[in-house]
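# What the coordinates show
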Amino acid sequence: MNTLKQAKVGDTVHVVKLHGEGAVKRRIMDMGITKGAEIFVRKVAPLGDPMEVTVRGYELSLRKADAEMIEVE
């Protein structure tokens, strides 16, 4: 299983599944990260947290903990 956390800068990945439950999963979905969405990894902070991605035409910053819940291919 590959997660968004493992994606490298410059990678474009597609969401396969969202893990997590309740409010955390809802918050991720509210940001536009849903099954089938395309995510482009723009930048990763020097210490690895957070990472900046482009989803559905807008830029978004995600914590490592949130990126770990997003299964990608």
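A few points on the structure.

About the criteria used
- Residues numbered from 1 in each chain as written.
- Predicted model: local features only at pLDDT ≥ 70, side-chain atom pairs only at ≥ 80, totals over all residues.
- Heavy atoms only, no water.
- Helix = DSSP H or I, 4+ residues; strand = E, 2+ residues; numbered from the N terminus.
- Rg over C-alpha atoms; globule rule 2.2 N^0.38 Å.
- Buried < 20%, exposed > 50% of the residue type's maximum accessible area, 1.4 Å probe, protein only.
- Contact = heavy atoms within 4.5 Å.
- Areas by Shrake-Rupley, 256 points an atom, 1.4 Å probe, with all protein chains shown as cover.
- Lys, Arg positive; Asp, Glu negative; His and termini not counted.
- Charge placed at Lys NZ, Arg CZ, Asp CG, Glu CD.
- Salt bridge = Lys/Arg side-chain N within 4 Å of Asp/Glu carboxyl O.
- Pairing = 2+ DSSP bridges.
- Polar contact = N/O pair within 3.5 Å; in protein donor to acceptor, adjacent residues only side chain to side chain.

Along its length, the protein chain carries two helices and six strands. Ordering the α and β elements of the protein chain from the N terminus gives β-β-α-β-β-β-α-β. Rg of the C-alpha trace for the protein chain: 11 Å, near the compact-globule value of 11 Å for 73 residues, within the 12% margin. Dimensions of the protein chain along its principal axes, counting C-alpha atoms only, are 30 × 25 × 20 Å. Classification of the 73 residues of the protein chain by burial places 34% in the buried group. By sequence separation, contacts in the protein chain at least 24 residues apart represent 56% of the contacts at least 6 residues apart. Of the accessible surface of the protein chain, which amounts to about 4,500 Å², a share of 51% is contributed by carbon and sulfur atoms. Placing the 12 positive and 11 negative side-chain charges of the protein chain at their respective mean positions leaves the two points 2 Å apart.

We now examine the pattern of salt bridges. A full pass over the atoms with the stated rule returns seven salt bridges. Close ionic contact of D30 with R26 constitutes a salt bridge, the shortest N to O distance being 3.2 Å. With D30 and R26 both in helix α1 (residues 22-30), this residue pair falls four residues apart, about one helical turn. Among the salt bridges present, the one from E52 reaches K43, with a minimum N-O distance of 4.0 Å. Among the residues examined, E52 registers a relative accessible area of 18% and is labelled buried. Owing to a relative accessible area of 47%, K43 belongs among the partly exposed residues under this scheme. Overlapping salt bridges bring together R42, K43, E52 and E59 as one network.

Moving on, we get to the sheet that holds strand β2 (residues 12-18). Strand order in the open sheet formed by six strands is β1-β6-β2-β3-β4-β5, with antiparallel pairing between adjacent strands. Here the strands that pair on one side only, and so sit at the sheet edges, are β1 (2-3) and β5 (58-62). Judged from the three bridges that link them, β2 and strand β3 (residues 38-44) form a sheet pairing that is antiparallel. Across the sheet, the residue bridging to T12 is F40, located in β3.

Let's shift gears to the environment of A23. Relative to the assigned elements, A23 resides in helix α1. Between the C-alpha atoms of A23 and I39, which are 16 residues apart in sequence, the distance is 21 Å.

In this section: the side chain of E71. Turning to its location among the elements, E71 is positioned in strand β6 (residues 70-72). One buried charge, E71, has no salt-bridge partner; the nearest side chain with opposite charge is K17, at 5.6 Å. In this structure the side chain of E71 is engaged in a polar contact, spanning 2.9 Å, whose partner is the side chain of H19. Among all residues touching E71, those that are not within four sequence positions of it are M1, N2, T3, H14, V15, V16, K17 and H19.

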